[in-house]
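# Residue-level structure breakdown
Here are the chains, one letter per residue:
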Amino acid sequence: MVTGQKPFGNGMSQESLIRSGTMRNARKVEFPEKIKLSTSTKEFISRCLSYFPADRPDILEIFSDPYFQSSRKSSSSRS
């Protein structure tokens with residue numbers, strides 16, 4: 001959603017994704033070079049889309065993540 005592309009199998013139909021095993025074999029999120037994202041944004045997205053479910057953060061971990069903590073601090077300092 002951030003880049004306007006699917007994180008895995010961009011440009012492929014759902015049927016093609018399933019048939020080719022793209023989702024099953026997707027180990028790492030690839031970010032388009034033309035889209036400029038901060039390192040912290042890429043790291044956060046990569047953690048959320050980790051291949052191994054046990055490595056993915058739950059909702060409480062997401063809101064405690066440094067990515068959100070830094071954005072809360074910067075938004076509260078603007079108030």
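A few points on the structure. Quick caveat, the model's predicted, so the values are computed rather than measured.

Of regular secondary structure, the protein possesses five helices and zero strands. Helices and strands in the protein line up, N terminus first, as α-α-α-α-α. Accessible area of the protein: about 6,300 Å², with a carbon and sulfur share of 56%.

Nonpolar side chains collect at one region of the surface, where Ile59, Leu60 and Phe63 lie side by side and expose about 330 Å² of accessible area between them. On the secondary structure map, Ile59 appears in helix 4 (residues 59-64). Overall, the relative accessible area of 52% leaves Ile59 in the exposed class.

Before going further, it helps to spend a moment on the pattern of salt bridges. This structure, assessed with the given rule, holds two salt bridges. Taking the shortest distance from any N to any O, the salt bridge between Arg19 and Glu15 comes out at 2.0 Å. Here the residue Arg19 and the residue Glu15 both occupy positions in helix 1 (residues 14-20), the gap between them amounting to four residues, near one helical turn. For Arg19, a relative accessible area of 60% corresponds to the exposed category. In this structure, the salt-bridge partner of Arg47 is Asp65, at a minimum N-O distance of 2.8 Å. Remark: Asp65 occurs in the loop between helix 4 and helix 5 (66-78) and Arg47 occurs in helix 3 (residues 39-48); sequence separation between them is 18 residues.

What counts and what doesn't
- Just so you know, the residues in each chain are numbered from 1, in the order the chain's sequence is written.
- Totals for whole chains, interfaces and linings use every residue, but because this is a predicted model, local features are given only for residues with pLDDT of at least 70 and side-chain atom pairs only at 80 or more, for both listing and counting.
- Only heavy atoms go into the side-chain values, all of them from the structure, while hydrogens and water stay out.
- Runs of E in the DSSP output that reach at least two residues are strands. Runs of H or I that reach at least four are helices, and both are numbered from the N terminus.
- Only the protein chains shown count as cover for residues, and all accessible areas are computed by the Shrake-Rupley method using a 1.4 Å probe.
- The patches reported here contain residues having more than 30% relative accessible area and no salt bridge. Joining distances are 9 Å for like charges and 5 Å for nonpolar side chains (Val, Leu, Ile, Met, Phe, Trp, Tyr).
- In the sections that follow, a salt bridge refers to a side-chain nitrogen of Lys or Arg positioned within 4 Å of a carboxyl oxygen of Asp or Glu.
- Throughout, exposure labels follow a simple rule: accessible area from a 1.4 Å probe, protein chains only, divided by the maximum for the residue type, with under 20% read as buried, over 50% as exposed, and the rest as partly exposed.

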